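What follows is each chain in one-letter form.
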Amino acid sequence: MLYSLSRYSMLLITLFMTWFSLGTQAQPTLTQFKGWLLCYTRNDLCADYNYDGILTPSDFTAWLANYDNPPGVDGWTDLAPSTDSKVIYVSSSTGNDSNDGLTTSRPVKTIERAYQLVRDGKPDWVRLKRGDTFFESMPNWKKSGKSKAEPMVVTTYGTANARAKIYTGSSKGMRNTGPELRKHLAFVGLELRPQTRTRDDAPGGIEFICPHRDILIEDCLITGFADNLQFQAPKGERSSDVRIRRSVITDSWAVGQHSQGIYAARIDGLLIEECVFDHNGWNANIEGADPTIFNHNIYIQTSCSNITVKNNIISEASSHGVQARPGGNISGNVFYRNSIALLHGNEDNQTTGIIENNVFLEGKDISPELRRGMGIHIQFSDGAKIRHNLFLRNGTDTGLSEAIAVTGDEDQPVTNLSIEFNTVYNWLNNVVIENQNVSDIVFKNNVIYDNINESPAVRHLDEDTLDDVLSYNNTYYIGGTSNWFRARNSYYNLTEWLNVSGEFNPISINGRSFNDSSRTMARYAQYQLLPANPTLVMNRARSQNRLNWDAAYTAEEMVNFFKTGYTLEN
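The shown structure was predicted, so the numbers you read here are calculated from the model rather than taken from an experiment.

Draft legend 1. Summary view of the packing of aromatic side chains. Counting across every chain of the model gives 26 aromatic pairs. Residues Y115 and W141 carry aromatic rings whose centres are separated by 4.8 Å and whose planes lie at 65° to one another, so their mutual orientation is edge-to-face. Of this pair, Y115 sits in helix 4 (residues 111–117) while W141 sits in the loop between strand 3 (133–134) and strand 4 (152–157), and the two are 26 residues apart along the sequence. Here W141 falls in the buried class, since its relative accessible area comes to 0%. Seen from their ring centres, F514 and Y566 are 6.1 Å apart, and the 55° between their planes marks the pair as tilted.

Draft legend 2. Highlighting the state of the cysteines. Enumeration over the complete set of coordinates arrives at zero disulfides. Unpaired in this structure, C275 has its nearest cysteine sulfur neighbour in C220, at a distance of 9.6 Å. A relative accessible area of 2% places C275 in the buried class. No disulfide involves C304; its sulfur sits 14 Å from the nearest other cysteine sulfur, which is in C210. The class for C304 is buried, based on a relative accessible area of 5%.

Draft legend 3. Representation of the pairing of strand 21 (residues 320–324) within the structure. The buried fraction of strand 21 amounts to five of the five residues, a majority that puts the element mostly inside the structure. With three bridges connecting them, strand 18 (residues 296–300) and strand 21 associate as parallel partners. When the sheet's bridge partners are listed, I300 is paired in strand 21 with A324. Summarising the sheet, strand 21 and strand 24 (residues 340–344) pair through four bridges and their orientation is parallel. Looking across to strand 24, one finds that A324 is bridged to H344.

Draft legend 4. How the structure looks around helix 8 (residues 555–565). Among all positions in helix 8, only A555, M558, V559, F561, F562 and G565 are buried. When helix 8 is viewed along its axis, its buried side chains cluster within an angular range of 160° and face the same direction. Where helix 8 is buried, its residues touch strand 20 (313–315), strand 23 (334–336), strand 26 (359–361), strand 30 (390–392), helix 6 (521–527) and helix 7 (534–542).

Draft legend 5. Structural view of the pattern of salt bridges. The full count for this structure, using the stated rule, is 30 salt bridges. Residue D219 pairs with R163 through a salt bridge whose shortest N-O separation is 3.2 Å. Of the two residues, D219 sits in the loop between strand 10 (212–218) and strand 11 (221–223) while R163 sits in the loop between strand 4 and strand 5 (164–167), which places them 56 residues apart along the sequence. Each member of the pair D219 and R163 is classed as buried.

Draft legend 6. Examining the nonpolar core more closely. Counting 87 residues, the largest nonpolar core has M138, W141, F187, F231 and V406 as the members making the most contacts within it. Looking at which element gives the most residues to this core, the answer is helix 4, with four residues. For F187, the contacting residues outside a window of four places in its chain are M138, W141, V154, M174, F208, L216, I217, E218 and C220. Core analysis: the next-biggest nonpolar cluster, separate from the first, contains 31 residues, V276, L392, M521 and V537 among them.

Conventions we followed
Residues numbered from 1 in each chain as written. Predicted model: local features only at pLDDT ≥ 70, side-chain atom pairs only at ≥ 80, totals over all residues. Heavy atoms only, no water. Phe/Tyr/Trp six-rings, centres within 6.5 Å; stacked < 30°, edge-to-face > 60°. Helix = DSSP H or I, 4+ residues; strand = E, 2+ residues; numbered from the N terminus. Buried < 20%, exposed > 50% of the residue type's maximum accessible area, 1.4 Å probe, protein only. Disulfide = S-S within 2.5 Å. Pairing = 2+ DSSP bridges. Arc of directions from axis to C-beta. Contact = heavy atoms within 4.5 Å. Salt bridge = Lys/Arg side-chain N within 4 Å of Asp/Glu carboxyl O. Core = buried A, V, L, I, M, F, W, Y, C linked by side-chain atoms within 4.5 Å.

What follows is the structure, given as structure tokens:
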């Protein structure tokens, strides 16, 4: 009770200081505030307006900006036409552009005509008939919605289970350019693909190369473009509030240029949540579209801020699963068969963030000449936290395949880093402190287990960094050797390591075992009553949509499966 009162009092102080700082901008009513506060004090996630899965005072700041657009109770964004909305129906199979489009019995035929009929600054809707195929690109969308609560929406109607298909041939999906600010737009339930492109074409998928704010992409399938998604404010400007939710972003590729699942630059506030990013940046069937170091599933430039990548399946990238150059919160994701699962930080600006509750599975190489298989690579950061992650069964045999690599180069230090409650299982190279410019690292309550590779549990490339790491209560086992630790060129057993490193209470696993260490992606397929084939799991994940949503093929369900198996029994 005392804790609740203290939490409540501190919250109120923070809330009102933040509220008063708003000045004359639009503000919620006291009744709306009471509703949010009731959810918060009950620890109800209806108050989770920053979508990070926990309730903190930062949700109040998010609520002030989004109080009129609450999270959907079923996991989907709550969208509905308002009394001021004009709804235009579009059907390629039954429509005619001479119709007014105001009813399902009189739809227009093309997206271009529907765009002409909606009004700028109004909460108008364009509804494409589900199951229809539109052989056209979407227009340069220069019109905006009314507000965050009343956006302009492009979505679907009808009873078919299939999304509305937008087949663009060898052309772009939708490239938005120009000086006009695009805001309050939602694109929901669409499939976009360049079905006839060749190796000489490099169309983009959905691209905002313009000022933009409050953009939602949800329940969309975007596949086969050079860059499937791109959000980039013009130089010298900032865009904000981009949300990619429950969408499937796959199979981007290009010849002679870079290719990403999503590329973001100069964005303040980017949420990527419950999506599938698979096989972006390369195409084994196209000459010249080979995997490279430049192509990624998710590429977030240094110029972005306030990044959340949460509960996604991120797999088979050309190089990085997520290149989070500005840091940010990376939580609850399944990283499967990426060459470098996660880069957190950059060489130019100090960052911070939280990496937690992720599962890293089976790293791979970019190519035989470009050996990788890395888990987390963290650099130039202060106050970051790496906690409660699993690193399982790396699929490569290269010396570069660290589960966690801490890189403090020259004038780019890594400071105040916490690495705690992680489990590394048969990854090959486990935890590596690469350079001298690190300080105040806490390494505690981790489990490092390897009964295959005979590689050190912890390796310092320079023994001078031993004094920069405070280690305690970690559990270790390396099979086939007593050399469990390494500092530069010297190896140490557990007892020697205690004396050399000053680690407190290092623990040998001493016959303890994991609850079920046989769990792999193939086993997950069997758990879902499929043949023991990981491809079948990924195919199911790639086929997710709102009308056929299966929690079994979400990151949350997979994370729970692996975490339960790799819990160390007492």
